[in-house]
Amino acid sequence: MASIDTNPMLSPPLVAPPVARKHERRSTGAASTATSAHAETHPWRMNALLMAGDTLILGLLLYGLHIASLWLMPPFAPTVMVTAPIVIGSILSVYIVRGFYRIRVMHPVEELRVMTTTVGGLAVMASGLTYLTVGAPVAVALVAGTGAVAMATVPLARIMVRIMGARLPWWGVPAVVVGDPNETARIVDTMNRWPEIGLRPVAVCDAPPPSGDTHSTASPEALHWARQHHVPYAILAEEGIDPKQRARMLAHYSQFFEHVFCVPTTKGMVAAWTTTSTCEGLYGFGVRHLQHQPSARLLKRAIDVVGAAILLIALAPVFAVIAAAIRYDSPGPVFYRQVRMGYQGRTFTVLKFRTMYTDADARLEDLLADNPRRRAEYEQYHKLQNDPRVTSIGQWLRRFSLDELPQLLNVLRDDMSLVGPRAYMPKELFQMRGLSRVVLQTPPGITGLWQVSGRNAVSFSNRVDLDVHYVHNWSPWLDLYLLARTPPVVCSGSGAH
């Protein structure tokens, strides 16, 4: 029995060049493009890697519990080592029951939420069992403390394994994408940008033209991949389909694919972390807003303050080295100050390490006046590749986003958050297509959805769309996931230009 979902948990589809099409068949009006990914994709290896990562982090936590026991309660230490294999095996068994190793794809954000609550429940059970069997308050405190640490480290370790494992050639579950070339190109681009989700496109097929014939509602090429290659996922780009035609199409595909995802192509709607909901028989897209969740706002602010304070202390030597490098590289101040729009449109002064020459504005005007191509590039991205205004040290700082570090001070001043939309300049207000009212409903962030979705390679228009999507679908789990995904993206330098 195939599962049908109208909301695949994909990250935001971004504008991508049309996917090349081969093997056109005029008799069916359909075409397909195959990739070499299917021959290399092994979902069981993906799950084995995830299980190995879980086993490693659990083993490290129990070893830490053993060391702490040797120091605080030596008689309890042998018990920890003897029961460690049993504990790890039991926890992995719970993970299996909870579906953490199923071939069915679970979005990392949802996985983060479910795994955190699962680990928390297991920590409470372990503490209670320790109290009943050992009885010593110190032992109970050690187990409870280890459980608290596990709630933070185990889910984040799973995310890091996903992000690193996604670079392997065999990672992912194969999927066939069907629909209009423009829409399928956006979906494929999404899957390639966010491979840790676990879906890998192995074929792109054109949808057949609308017809009353039941047997012509599905792409023959897509069904070929299901029959001959046992591809379990079909992702359908739905565009202007009659309800009866949609019902026939889903029924037909579900006979051949284990999972069928239907992606609406409504203009302005992105299919990432968008919640679906029903109410009195009505089906639709749901959004969540931070202002209606006081406890969540308090939690977000607490994480901001604690996180920014810890990072400022830990990175103090890095600040000193960068400041010295900037002063040595070019004359001018260490910090660059600029007015940006914050929560509810309130303006504030954002802090950055200076990456440009002091006469950067004059250089920009001269460059854009003499070069129409660079002007078009600046209008689209509000950035320039190989920007002549940027200093030598500034290029390096920008590549790894180190120029953003002083914004931690803005976080402490409550001007910004660790995670949020981009901090827009007032002059950009009229280019936001009237969406500023949505974006400015939450404080801007040092990192966010657009920063980990391509950084400067994302056009200004798509940045706004991503920020709107973040505001509508905010959750603490989404923030944690974006925080975990930021270091790998920044360290790789991808999308910096």
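Residues numbered from 1 in each chain as written. Predicted model: local features only at pLDDT ≥ 70, side-chain atom pairs only at ≥ 80, totals over all residues. Heavy atoms only, no water.

So, a nonpolar patch on the surface
Link 1 in the chain: Taken together, the side chains of Val 305, Val 306, Ile 310, Leu 409 and Leu 412 present a nonpolar region at the surface, about 380 Å² in accessible area.
Link 2 in the chain: Mapped by element, the contributors of at least two residues to the nonpolar patch are α9 (294–314) and α14 (407–412).
Link 3 in the chain: The element contributing the most residues to the nonpolar patch is α9, with 3 residues.
Link 4 in the chain: Structurally, Leu 409 can be placed in helix α14.
Link 5 in the chain: What makes Leu 409 partly exposed here is its relative accessible area of 34%. (Patch = residues over 30% accessible without salt bridge, like charges linked within 9 Å, V, L, I, M, F, W, Y side chains within 5 Å. Areas by Shrake-Rupley, 256 points an atom, 1.4 Å probe, with all protein chains shown as cover. Salt bridge = Lys/Arg side-chain N within 4 Å of Asp/Glu carboxyl O. Helix = DSSP H or I, 4+ residues; strand = E, 2+ residues; numbered from the N terminus. Buried < 20%, exposed > 50% of the residue type's maximum accessible area, 1.4 Å probe, protein only.)

Comments concerning a negative patch on the surface
Link 1 in the chain: Among the surface-exposed residues, Asp 361, Glu 365, Asp 366 and Asp 370 lie close enough to one another that they form a single negatively charged patch.
Link 2 in the chain: Within the element layout of this structure, Asp 366 appears in helix α11 (residues 360–370). (Lys, Arg positive; Asp, Glu negative; His and termini not counted. Charge placed at Lys NZ, Arg CZ, Asp CG, Glu CD.)

Some details on the packing of aromatic side chains
Link 1 in the chain: This structure, assessed with the given rule, holds 9 aromatic pairs.
Link 2 in the chain: Here the aromatic rings of Tyr 233 and Phe 261 are separated by 5.6 Å at their centres, their planes lie at 55°, and the arrangement is tilted. One end of the pair, Tyr 233, is in strand β6 (residues 233–238); the other, Phe 261, is in strand β7 (residues 259–264), with 28 residues separating them in the sequence. Of the two residues, Tyr 233 and Phe 261, neither departs from the other in class, the shared state being buried. (Phe/Tyr/Trp six-rings, centres within 6.5 Å; stacked < 30°, edge-to-face > 60°.)

Here's the deal with the side chain of Arg 162
Link 1 in the chain: Examined against the element boundaries, Arg 162 turns out to sit in helix α5 (residues 137–165).
Link 2 in the chain: Given a relative accessible area of 5%, Arg 162 falls into the buried group.
Link 3 in the chain: Within the structure, the side chain of Arg 162 is placed 2.7 Å from the backbone oxygen of Glu 196, a separation counted as a polar contact.
Link 4 in the chain: Sequence-distant contacts of Arg 162, defined by excluding residues within four places in its chain, comprise Leu 50, Met 106, Pro 108, Glu 111, Trp 171, Glu 196 and Ile 197. (Polar contact = N/O pair within 3.5 Å; in protein donor to acceptor, adjacent residues only side chain to side chain. Contact = heavy atoms within 4.5 Å.)

What to know about the pattern of salt bridges
Any two side chains of opposite charge can pair if their charged atoms end up close together.
Link 1 in the chain: Taken as a whole, this structure holds 13 salt bridges when the rule is applied.
Link 2 in the chain: A salt bridge links Glu 110 to Arg 113, with the nearest nitrogen and oxygen atoms 2.5 Å apart. Taken together, the residues Glu 110 and Arg 113, both in helix α4 (residues 108–133) and 3 residues apart, mark about one turn of the helix.
Link 3 in the chain: A relative accessible area of 26% means that Glu 110 is categorised as partly exposed.
Link 4 in the chain: The partner of Asp 415 in a salt bridge is Arg 413, and the shortest N-O contact between them spans 3.5 Å.
Link 5 in the chain: For Asp 415, a relative accessible area of 9% translates into the label buried.
Link 6 in the chain: Ionic contacts of the salt-bridge type, sharing partners, join the residues Asp 54, Glu 111, Arg 158 and Arg 162 into one network.

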